[in-house]
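One letter stands for each residue in the lines below.
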Amino acid sequence: MKLGFVSDSLGGLSFEAMLDHAVRLGVSGVEVNTGGWSTAPHCDLATLTASAEARRAFRAAFDDRGLEIIALNANGNPLHPKDRSQADCLLDTIRLAGELGIAKVCTMSGLPAGAQGDSMPNWVISSWPPETQEILRFQWDEVLLPFWEGVAAVARDSGVRRIALELHGNQCVYNVPSLLKLREMVGPVVGANLDPSHLFWMGADPLAAAEALGDAIYHVHAKDTLLNAPVQATTSLLENGSLLDIPGRSWSYVTLGFGHGEEWWRQFCYRLKLAGYDGWLSIEHEDVLLNSLEGLEKSVALLKGVMPAAPADFKPQEI
């Protein structure tokens, strides 16, 4: 496995400073945010798309430091009924990845409105009342599938072989069955970005998810979640309070090891290997209480201690 981090983890630093810290931390690469829900402080998508010279300089900044570009990340809602810019960002990111020779893009499936003419996304998380089933039919058959068939075509034309969808709340694809459903519809260009932090707060088991996904795992975000049991006992894990109010929330994103300890992360890495995944672990720091650089340092140290790095070489002796 290889270790890196998402560029927005150090979003307050300049592009050059962010890369210099990557070298200092001893990681092998950086996953670059390009837009969507990110201001993309380290990537001018329009300039890079338009200018071959800008693309050469961008890649050289990584190459000169011995770093890899892990993937481009266009996380957002590309199916927002009123905001076309997020879909455009995804498509432009795929085209840019092709120009840069990057074979993988991270994003989300998107979440459309619940019916034609609605103006806000609608996430269905229960099977009652019965109109929820009509919402799901509309979202999947009339919006999600046609969009992703088009995205898959752009990916093929651009040379992008893998689109890793984050299993994230408020998206049509948010768990193992929904990921496998879209993958079956669209083809193997679609796979999973397995981020355990979201599965934690949705009540799923990331270890079981790794086994169930198998070769559909295309990417892994290393992010932790603190489950606040006293609050959860009365509010459940369906939480809509401020992300900044960690004491008042039933769950919060935290630095690796502050929600689940080293032993859990050791098991996670091993389960990934069992599932056939031997790729990147990309740290995504979103802890509002810890300094971003300190949190990233602690996360890197934890994963370096538990992740398999060298190839397996055990062979039974011939007796």
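Residues numbered from 1 in each chain as written. Predicted model: local features only at pLDDT ≥ 70, side-chain atom pairs only at ≥ 80, totals over all residues. Heavy atoms only, no water.

Things to note about the overall build of the chain
Where we set the bar: Helix and strand assignments follow DSSP, with helices taken as H or I runs no shorter than four residues and strands as E runs no shorter than two, numbered in order from the N terminus. In this treatment the radius of gyration is a C-alpha quantity, and the globule benchmark scales as 2.2 Å times the residue count to the 0.38 power. Accessible area is worked out with a 1.4 Å probe on protein chains only. A residue is then buried under 20% of its type maximum, exposed over 50%, and partly exposed in between.
Scanning the chain from terminus to terminus reveals 11 helices and 10 strands. For the chain, the C-alpha radius of gyration of 20 Å lies close to 20 Å, the compact-globule estimate for 319 residues. Along the longest, intermediate and shortest principal axes, the C-alpha atoms of the chain span 60 × 50 × 50 Å. In the chain, which comprises 319 residues, the proportion classed as buried is 52%.

Digging into the pairing of strand β1 (residues 2–6)
Heads up, the rule is: Strand pairing is assigned whenever DSSP detects at least two bridges linking the two strands. By convention a crossover is right-handed if, when the strands point away from the viewer, the path from the first strand over the helix to the second runs clockwise.
Among the five residues of β1, four are classified as buried, and the element is accordingly described as predominantly covered. Of the pairings in the sheet, the one linking β1 to strand β10 (residues 280–283) comprises four bridges and is parallel in character. Note on β10: the bridge partner recorded for F5 is I283. Handedness of the β-α-β unit built from β1, helix α1 (residues 15–25) and strand β2 (residues 29–33) comes out right-handed.

Regarding the layout of surface pockets
For clarity, the threshold we go by: Definitions used for this entry: grid spacing 1 Å over protein atoms alone; cavity, a set of points where a 1.4 Å probe fits but cannot get out; pocket, an open set with protein on both sides within 12 Å along at least 5 of 7 lines; lining residue, one with an atom within 4 Å of a point. Grid points are joined across faces, edges and corners, and a volume is the space filled by probe spheres set on the points. All amino acids are sorted into three groups, where Ala, Val, Leu, Ile, Met, Phe, Trp, Tyr, Cys and Pro are nonpolar, Asp, Glu, Lys and Arg are charged, and the leftover types, Gly among them, are polar.
Empty space within the largest pocket amounts to approximately 840 Å³. Residue lining of the largest pocket: 39 residues in total, with H168, H198, L243, Y253 and E286 positioned closest to the centre. Listing elements by their share of the lining of the largest pocket, those giving two or more residues are α7 (196–201) and β9 (251–254). With three residues, the single largest contributor to the lining of the largest pocket is β9. Residues of the lining of the largest pocket, tallied by class, amount to 14 nonpolar, 18 polar and seven charged.

Brief notes about the nonpolar core
Our working rule: We call a set of buried Ala, Val, Leu, Ile, Met, Phe, Trp, Tyr and Cys residues a nonpolar core when their side-chain atoms join them within 4.5 Å. Whether two residues are in contact is decided by their heavy atoms, any of which lying within 4.5 Å being enough.
Of all hydrophobic cores here, the largest spans 91 residues; its most connected members are F5, W148, L194, L272 and L303. It is helix α5 (residues 131–158) that provides the largest number of residues to this core, a total of nine residues. Look past the residues within four positions of L272 in its chain and what remains in contact with it is M1, L194, A210, I217, V220, Y277 and L281.

Here's the deal with the side chain of S178
Here is the rule we go by: For this analysis, a polar contact is any N or O atom pair within 3.5 Å, provided that within protein one partner can donate a hydrogen and the other can accept it, and provided that sequence-adjacent residues contribute only side-chain to side-chain pairs.
Position of S178 relative to the elements: it lies in helix α6 (residues 176–186). One polar contact links S178 to N175, side chain to side chain, over a distance of 2.6 Å. Each residue touching S178, except ones within four places of it in the same chain, is listed here: W140, C172 and V173.

Let's talk about the sheet that holds strand β5 (residues 162–166)
In a beta sheet, neighbouring strands are held together by backbone hydrogen bonds and run either parallel or antiparallel to one another. For clarity, the cut-off: Simply put, an axis is a line fit to the C-alpha atoms, just over the touching stretch for a helix, and the angle between two N-to-C directions goes from 0 to 180 degrees.
Taken in spatial order, the eight strands of this closed barrel run β1-β2-β3-β4-β5-β6-β7-β10, and their pairing is parallel. Strand-to-strand twist across the sheet, computed as the mean angle between neighbouring axes with direction ignored, equals 30°. As paired strands, β2 and strand β3 (residues 68–73) are joined by four bridges and run parallel to one another. Bridging across to β3, G29 finds its partner in E68. Strands in contact with α5 are β4 (104–107), β5 and β6 (190–194); relative to β5, the strand with the most contacts, it is inclined by about 140°.

Points about the pairing of β9
Of the two faces of β9, the one carrying W251 and Y253 and the one carrying S252 and V254 are both buried. As defined by bridge partners, strand β8 (residues 224–227) adjoins β9 across four bridges and the pair is classed as antiparallel. Bridge pairing links T225 to Y253 in β9.

Examining helix α11 (residues 292–306)
So the rule is basically this: Residue count minus one, scaled by 1.5 Å, sets the expected span of a helix.
Between its terminal C-alpha atoms α11 stretches 21 Å, which fits the 21 Å expected from 15 residues at 1.5 Å a residue. Burial in α11 covers these residues: L293, G295, L296, S299, V300, L302, L303 and V306. In this structure, the buried side of α11 is in contact with β1, α1, β7 (217–222), α10 (262–274) and β10.

Let's talk about the side chain of T255
For T255, the location among the structural elements is in the loop between β9 and α10. With residues up to four places along the chain from it excluded, the contact list for T255 reads D224, H285, D287, L290, G295, K298 and S299.

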